[in-house]
Amino acid sequence: EINVFQLNLANGGNWQGEVWCQRKNGELFMTKLSVSAVRNRRGSPSHFVGVFTDITQLKQTEERLARMAHFDALTGLPNRALIMERLSHAINLAARHQTMVGIIFIDLDNFKTVNDGLGHVAGDHLLQQVAQRLSKRVRQEDTLGRLGGDEFVLVLEHLRHPQQAAHVAQSILETLEEPFMLEGEQAVYVRASIGISMYPADGQSAMELLRDA
């Protein structure tokens, strides 16, 4: 970056880029820095003028928009777009390393009853709790996401045998056995239907595997 900075100033007399700065209280903030050379009568740079523009809010807005595009607003889990992206990446890795990818499709059985009987706010709280409980069963290299409604997907990477996915599915069913406590100390029991597909046995693409699961 410094070399580009010096080269641009030497050739064109100006440079522009993004620079981290620090306030007196130690807080870091992002700025857009524009530097221009002021030349003397001989055409040589006599000094430089820099203009800083605080773009922290702009960067935060960009990050929020990027997160909205890839993560579910209710649960904070990856959404369909990010699930498919990570699943495609997992398939490519598995093809190179001769491993398997497991896709576990989780559908909450009686979620509509909760929504109809207790209201959508209670339903949203229940989905958040389900997401938190399922997240505890996920390895760092795996991806748990929400497709929408009461449907979740778990992508398992680096598998050597289909039985590994079956064990995870059984673990998920067990973790949902305990009741969920909603506001007002309302205990709700949730059961789930689970489907499993495996790469490469059940499909070659992300769409095929998700459909089969």
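Here the structure is a predicted model, which means the values were calculated and not measured.

S.K.: Help me understand the nonpolar core, please; the structure alone is not making it clear to me.
M.R.: General note: in soluble globular proteins, nonpolar side chains tend to be found buried as a group. Within the largest apolar cluster, 27 residues are counted, with the highest numbers of intra-cluster contacts made by L108, L126, V130, L134, F152 and L176. When residues of this core are assigned to their parent elements, the largest contribution, six residues, is made by helix α5 (residues 120–135). With residues up to four places along the chain from it excluded, the contact list for L176 reads L108, V130, R133, L134, V190 and A192. Residues A90, V153, Y199 and L209 belong to the second largest nonpolar core, which totals 17 residues.

S.K.: Hey, could you run me through the sheet that holds strand β5 (residues 143–148) in this one?
M.R.: Backbone-to-backbone hydrogen bonds pair the strands of a sheet. The strands run either parallel or antiparallel. Read across the sheet, four strands follow the order β5-β6-β4-β9 without closing on themselves; strand pairing throughout is antiparallel. In the strand order of this sheet, the two ends are held by β5 and β9 (192–199), each with one partner. When strand polarity is set aside, the average angle formed by the axes of neighbouring strands in this sheet is 20°. One ladder, built from eight bridges, connects strand β4 (residues 100–108) with β9; its direction is antiparallel. Residue pairing in the sheet places D107 in a bridge with S193 of β9.

S.K.: Can you help me understand the pattern of salt bridges in this one?
M.R.: Opposite charge on two side chains lets them pair, provided their charged atoms get close. Enumeration over the complete set of coordinates arrives at seven salt bridges. As a salt-bridge pair, D142 and R139 come within 2.6 Å of each other at their nearest N and O atoms. Relative accessible area serves as the criterion here: at 8%, D142 is assigned to the buried category. Connected via shared salt-bridge partners are R23, E27 and D54.

S.K.: Would you mind going over the side chain of R133 with me for this structure?
M.R.: Looking at the element boundaries, R133 is found in helix α5. Buried charged residue R133 carries no salt bridge. Nearest counter-charge: E178, at 6.3 Å. Residue contacts for R133: discarding those within four places in its chain leaves T175, L176, E178, P179 and F180.

S.K.: For this particular structure, what's the right way to read the environment of N115?
M.R.: Note on placement: N115 falls in helix α4 (residues 111–118). Taking the C-alpha atoms as reference points, N115 and L126, separated by 11 residues in sequence, lie 9.5 Å from one another. For N115, the contacting residues outside a window of four places in its chain are H120 and G123.

S.K.: Even after reading the chapter, I still don't get the pairing of β4, so can you show me in this structure?
M.R.: Here is the key point about a regular strand: its side chains alternate between the two faces of the sheet. With seven of nine residues buried, β4 is to be regarded as a mostly interior element. One ladder, built from seven bridges, connects β4 with strand β6 (residues 151–159); its direction is antiparallel. Across the sheet, residue I104 finds its bridge partner in β6, namely L154.

S.K.: Explain the side chain of T175 to me, please; I cannot follow it from the model alone.
M.R.: Positionally, T175 belongs in helix α6 (residues 162–175). Using a relative accessible area of 9% as the deciding quantity, one classes T175 as buried. If we ignore the near neighbours within four places in the chain, the residues touching T175 are R133, L134 and R137.

S.K.: When you look at α6 in this model, what are you seeing that I'm missing?
M.R.: Residues spaced three or four apart along an α-helix point in a common direction, a consequence of the helix completing one turn every 3.6 residues. Here α6 spans 21 Å end to end across 14 residues, near enough to the 20 Å set by a 1.5 Å rise per residue. For α6, the full list of buried residues reads A165, A169, S171, I172 and T175. Buried residues in α6, looked at end-on, bunch into an arc of 160°, giving them a common side. Packing partners of the buried residues in α6 comprise β4, α5, β6 and β9.

S.K.: What's the story with α5 in this structure? I'm lost.
M.R.: Look at α5: 22 Å from first C-alpha to last across 16 residues, which is about the 22 Å you get at 1.5 Å a residue. Along α5, the residues classified as buried are A122, G123, L126, L127, V130, A131, R133 and L134.

S.K.: What am I meant to see in the sheet that holds strand β3 (residues 45–54) here?
M.R.: Strands sit in the order β1-β2-β3 across an open sheet of three strands; the sheet is antiparallel. Only two strands of the sheet have a single neighbouring strand rather than two, namely β1 (14–22) and β3. Between one strand axis and the next, the sheet turns by 30° as a mean value, whatever way the strands run.

Parameters and conventions
- Residues numbered from 1 in each chain as written.
- Predicted model: local features only at pLDDT ≥ 70, side-chain atom pairs only at ≥ 80, totals over all residues.
- Heavy atoms only, no water.
- Core = buried A, V, L, I, M, F, W, Y, C linked by side-chain atoms within 4.5 Å.
- Buried < 20%, exposed > 50% of the residue type's maximum accessible area, 1.4 Å probe, protein only.
- Helix = DSSP H or I, 4+ residues; strand = E, 2+ residues; numbered from the N terminus.
- Contact = heavy atoms within 4.5 Å.
- Pairing = 2+ DSSP bridges.
- Axes fitted to C-alpha atoms, helices over the stretch in contact; angles between N-to-C directions.
- Salt bridge = Lys/Arg side-chain N within 4 Å of Asp/Glu carboxyl O.
- Lys, Arg positive; Asp, Glu negative; His and termini not counted.
- Expected span 1.5 Å × (residues − 1).
- Arc of directions from axis to C-beta.

Functional significance is not addressed by these values, which are geometric in nature.
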